Amino acid sequence: PVGEGQVTAAMAGQLGIPTVLVTGDDVVAREMRSVIPEIEVAEVKRAIHRYAAACLPLEKTGPLIRAAAKRAVQKARQVQPFTYRSPAEVELDLHNPYYAAAIARLVPGVSAKGWATLHYRASDAMDVYRFLTLGLYLVSSPLLPNW
């Protein structure tokens with residue numbers, strides 16, 4: 001499993017741009033450090049669950065972000081861009097099997113795998129992003145049939 005931070009870092013990496021700073025919760029901090037050990041992190045909140053976090057007050061987050069950004073800029077040239085091997089095999093797990101079936105039928109190159117999982121072979125990080133974005137848009141669209 002990968003989060004938004006890894007996908008975004010891989011898109012930047014594909015363009016030769018290193019990801020040197022991330023701000024967010026403890027979950028994104030752990031994830032990004034696991035793939036980019038040199039990354040600077042401003043951990044400004046603690047995840048409680050998917051839709052809630054315990055946030056630090058603004059008077060603490062501002063200085064944390066500024067300090068991490070300063071360190072990140074100072075060492076930016078030493079950090080290698082993060083990339084995925086291409087092609088990338090992408091699986092998107094959905095909660096609704098009807099949406100998975102509809103998307104697999106409607107989108108060329110996408111297949112259903114299992115109960116509610118979509119499979120796609122992406123040519124590069126930008127293609128991964130386009131597939132994930134398309135999936136998210138389609139499952140939130142009122143136009144997608146609810147079979």
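As a reminder, the structure under discussion sits directly above these lines.
The sections below set out a description of the structure shown in this document. Sequence order as written defines the numbering, with residues in each chain counted from 1. Since the coordinates come from a predicted model, pLDDT governs what is reported: local features require at least 70, and pairs of side-chain atoms require 80 or more to be given and counted, while whole-chain, interface and lining totals use all residues. Hydrogens are left out, water is left out, and the side-chain values use all remaining heavy atoms of the structure.

Some thoughts on the sheet that holds strand S1 (residues 21-25)
Working step 1: Ordered in space as S1-S2-S3, the three strands form an open sheet in which the pairing is mixed. Bordering the open sheet on either side are S1 and strand S3 (52-55), each of which pairs with just one other strand. Across this sheet, the average inter-strand angle for adjacent strands is 35°, counted without regard to direction.
Working step 2: Note that S1 and strand S2 (residues 40-49) share five bridges and pair parallel. Bridging from a neighbouring strand, Val22 pairs with Val41 of S2. Each pair of strands is called paired provided DSSP finds at least two bridges between the two strands. Only DSSP runs of H or I reaching four residues or more are called helices, and only runs of E reaching two or more are called strands; each is numbered from the N terminus. Axes here refer to lines fitted to C-alpha atoms; in helices the fit is confined to the stretch in contact. Angles between the N-to-C directions go from 0 to 180 degrees.

Section: the packing of aromatic side chains
Working step 1: Only Phe, Tyr and Trp rings take part, Trp by its six-membered ring, and two of them pair if their centres are within 6.5 Å. Stacked means planes under 30 degrees apart, edge-to-face means over 60, and tilted covers everything else. In this structure the tally under the stated criterion is two aromatic pairs.
Working step 2: Centre to centre, the rings of Phe82 and Tyr84 are 5.6 Å apart; their planes meet at 75°, and the pair counts as edge-to-face.
Working step 3: For every residue, the accessible area (1.4 Å probe, protein chains only) is compared with the maximum for its type, and the residue is labelled buried under 20%, exposed over 50%, or partly exposed between those bounds. Judged by relative accessible area, which is 23%, Tyr84 ranks as partly exposed.
Working step 4: Between Tyr120 and Phe131, the aromatic rings sit 4.8 Å apart at their centres with planes inclined by 15°, giving stacked as the arrangement. Here the residue Tyr120 occupies a position in strand S6 (residues 117-122), and Phe131 occupies one in helix H5 (residues 125-139), the gap between them amounting to 11 residues.
Working step 5: Look at Tyr120 and you get buried, because its relative accessible area is 16%.

Focus on the pairing of strand S4 (residues 88-93)
Working step 1: Across the two faces of S4 the burial differs, with Ala88, Val90 and Leu92 buried and Glu89, Glu91 and Asp93 not buried at all.
Working step 2: Bridge count for S4 against S6 is six bridges, and the pairing is antiparallel. In the sheet register, Glu91 faces S6, and the bridge partner there is His119.

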